[in-house]
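Observations on the three-dimensional arrangement
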Amino acid sequence: MRSWEFFLPLWAKRTNMAKDKTAYVCGSCGYDSPKWIGKCPACGEWNTFQEVKVGKKTASTVTSEFRLDVKSSPISMSKIETEEEPRINMGDGELNRVLGGGLVPGSMTLLGGEPGIGKSTLILQTVMRLKGMKVLYVSGEESARQLKLRADRINFNPNPGLDSQSSNVLVVCEAMIETVFEHIRAVEPDLVVIDSIQTMATETVESSPGSVTQIRECAAMLLKFAKESNTPVIVIGHINKEGTIAGPKILEHMVDTVLQFEGDQHYMYRIVRAIKNRFGSTAELGIYEMVHNGLRPVENPSELLLSDVKEGEELSGVAVACSIEGVRPLLIETQALVSTAAYGTPQRSATGFDLRRLNMLLAVLEKRVGFKLPQRDVFLNIAGGIRVTDPAIDLSVIAAVLSSNVDTGIPRDICFTGEVGLSGEVRPVSRIVQRIAEADKLGFRKIIIPKANMNGLDKGKFKIEMVSVRKVEEALRELFG
Ligand code: TYD
Ligand code: MG
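Fair warning: this is a prediction, and the values are worked out from it, not measured in the lab.

A few words now on empty space enclosed by the protein. This structure, assessed with the given rule, holds three cavities of 30 Å³ or more. Its boundaries defined by the atoms lining it, the second largest cavity holds a volume of some 60 Å³. In this structure, the second largest cavity is lined by Met90, Leu95, Leu99, Leu103, Thr109, Leu111, Ile123, Thr126, Ile234 and Leu259. Among the secondary structure elements, those contributing two or more residues to the lining of the second largest cavity are strand S4 (108-113) and helix H4 (119-129).

Around ligand 1, the surrounding shell holds 15 residues, and the nearest of these are Gly116, Ser120, Thr121, Val291 and Gly294. Within the contact set of ligand 1, an oxygen atom lies 2.6 Å away from a side-chain nitrogen or oxygen of Thr121. Among the elements of the structure, H4, helix H5 (144-155) and strand S12 (285-291) are those that each provide at least two residues to the shell around ligand 1. With three residues, H4 is the single largest residue contributor to the shell around ligand 1. Here the shell around ligand 1 is composed, by residue class, of four nonpolar, seven polar and four charged.

Moving on, we come to the confidence of the model for the protein chain. When the pLDDT values of the protein chain are averaged, the result is 82; 85% of them are 70 or greater. At the low end of the mean pLDDT range in the protein chain sits helix H2 (residues 60-69), at 39; at the high end sits strand S19 (residues 419-420), at 96. Residue range residues 1-20 is modelled with pLDDT below 50. Its contacts to residues more than four positions away, or to other chains, number 54 contacts. Low pLDDT (under 50) marks residues 57-68, which in the prediction has 17 contacts with non-local residues, meaning those over four places away or in another chain.

A word on helix H10 (residues 355-369). If you check H10, its first and last C-alpha atoms are 21 Å apart, about what 15 residues at 1.5 Å a residue would give, namely 21 Å. Three or more residues of H10 are buried, namely Leu358, Met360, Leu361, Leu362, Val364 and Leu365. Looking at the buried residues of H10, the elements they touch are strand S16 (348-351), strand S17 (376-382), helix H11 (394-406), S19 and helix H13 (472-480). The positive-phi residue at the C-terminal boundary of H10 is Gly370, with phi of around 65°.

Turning next to the sheet that holds strand S10 (residues 257-263). Taken in spatial order, the nine strands line up as S6-S5-S7-S9-S4-S10-S11-S12-S13 in an open sheet, and their pairing is mixed. Only two strands of the sheet have a single partner each, and these edge strands are strand S6 (169-173) and strand S13 (294-297). Strand-to-strand twist across the sheet, computed as the mean angle between neighbouring axes with direction ignored, equals 25°. As paired elements, S4 and strand S9 (residues 233-238) share six bridges and run parallel to each other. Across the sheet, the residue bridging to Met108 is Val233, located in S9. Docked against the sheet, helix H6 (residues 177-187) engages strand S5 (135-139), S6 and strand S7 (191-195), running at close to 165° with respect to S5.

Our next topic: the sheet that holds S16. One open sheet accounts for seven strands, arranged S16-S17-S15-S14-S18-S21-S22; its pairing is mixed. Unpaired on one side and paired on the other, S16 and strand S22 (465-469) mark the two borders of the sheet. Adjacent strand axes in the sheet meet at a mean angle of 25°, parallel and antiparallel pairs treated alike. Pairing geometry for S16 and S17, over four bridges, is parallel. Following the sheet pairing, Ser349 is matched in S17 by Phe379. The strands touched by H10 within the sheet are S16 and S17, with S16 carrying the most contacts at an inclination of about 125°.

Criteria and cut-off values
- Note that residues are indexed from 1 along each chain, following the sequence as it is written.
- Here the convention is simple: chains get letters from A, ligands get numbers from 1, in the order in which they are written.
- Owing to the predicted nature of the model, reporting of local features is limited to residues with pLDDT of at least 70; listing and counting of side-chain atom pairs is limited to 80 or more, with chain, interface and lining totals taken over all residues.
- Just so you know, side-chain values use all the structure's heavy atoms and leave hydrogens and water out.
- We place a 1 Å grid over just the protein atoms. Points where a 1.4 Å probe fits but has no way out form a cavity, open points with protein on both sides within 12 Å along at least 5 of 7 lines form a pocket, and any residue with an atom within 4 Å of a point lines it.
- Grid points are joined across faces, edges and corners, and a volume is the space filled by probe spheres set on the points.
- Secondary structure elements are taken from DSSP: a helix is a run of H or I of four residues or more, a strand is a run of E of two residues or more, and numbering for both begins at the N terminus.
- Proximity criterion: a residue is near a molecule or strand once any of its heavy atoms comes within 4 Å of it.
- In protein, a polar contact requires one atom able to donate a hydrogen and another able to accept it; more generally it is a pair of N or O atoms within 3.5 Å, and residues adjacent in sequence count only if both atoms are side-chain atoms.
- By the convention adopted, Pro, Cys, Tyr, Trp, Phe, Met, Ile, Leu, Val and Ala count as nonpolar, Lys, Arg, Asp and Glu as charged, and the other residues, Gly among them, as polar.
- On a scale of 0 to 100, pLDDT captures the predictor's confidence in every residue.
- Contacts are assigned to residue pairs that have any heavy atoms within 4.5 Å of one another.
- How far a helix is expected to stretch is found by multiplying one less than its residue total by 1.5 Å.
- Burial status follows relative accessibility: with a 1.4 Å probe on protein chains alone, a residue under 20% of its type maximum counts as buried, one over 50% as exposed, and anything between as partly exposed.
- Two strands pair if DSSP finds at least two bridges between them.
- Angles run from 0 to 180 degrees between N-to-C directions of axes, and those axes are lines fitted to C-alpha atoms, restricted for helices to the stretch in contact.

Put into structure tokens, the structure is as follows:
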């Protein structure tokens, strides 16, 4: 039997504002105070406090009732019984992996991302595919008709099991959280989706939807519902321009899992990253491609990120790096263009790579191999519109720059991995075996790796030829003689 009937505003419990019915809440982090303050003691922001009226429903009776609810007693750690967390299979390998093996019953998951990135599409296509689960999809943003149009669009997907006609997805367009709970009570869903938390509002607080207090209050109610009924809740949240989930950090503290949906509007790739996960690793990520009929999971991202080059063809200024994103190895193309500087100050530009790091690598090149820094414009691009922070791509960047500089192509079946230090030494990288295995799997003939990574490496395991280098010069001698 579900015992979530009294979801009580946690807020009243915490602030005990019932008497004066006015509170001041920081618009940036959600910190509350009984009086106005100029600088928030929690997040350090200035002038963010807003007056918030607290409704009558958050009375102190509610608070005492809530306290009675807690009957806990300390228990020895060794006596706690553990069982494998049951998981709900989302029917999507990428999403399952990011969630740490599937959705946990009673968990609350927040999916954040910029508007238009595909959050609604991802969740809708996933819930439509769930078999034997009653899903309540609450939309505060789109009409039922719009949702149906989208569902039909996704439905052309050749993926088996995707059928909007026979699905168990119930759609309701509602923005009042109290009404949403009435629907939940009537429908008794197995999964609740809230699209989006910014559009939800509660009667208990007097502020506009999307404000910190409203978001916090609604999220607290949903969380309480999730925990008490053991029903998973997925909440969609928009990200503001600073890149944080608007309305803001407090949501991240409350929920069990925070997934971030990122990607460039101009590229098809979308990455789902776990930035917090109580039930799994945060190193995982899922990659999708936005196509005309929804989001297609990309199982082998390396193949997609490498441009289609014919056998034996060599492009100057292109080198393939074996990097690791999350826990997955990824082969990516680093493209460089080096040209004669026309003006006094040479130009430097980097897309998907840290410009300061590029400048550092160029300085290393100048020192070690006599690259004429002041006379050269250098443009660097990481293919596919992705941003790489893995330092192991340094070696590939250096190879691409020199390849363009001397206008000599690097054979397409060679790839690189290695961090470059200030004195031109090639430093070891993490998870070398995984990197080599990926390059081997994709049919590369040769991989250039740091010498220090050779220790204890089982060379016989791979077909690929391994060339280990200690200095940048050695790698370049290997390539250009
Ligand atoms: P949407 O899921 O509405 O984004 P969010 O909920 O994050 O705001 O995605 C909107 C974009 O996705 C829109 O620009 C159109 C594009 N799209 C496709 O390219 N193919 C599709 O099949 C669908 C449904 C959307
Ligand atoms: Mg949406």
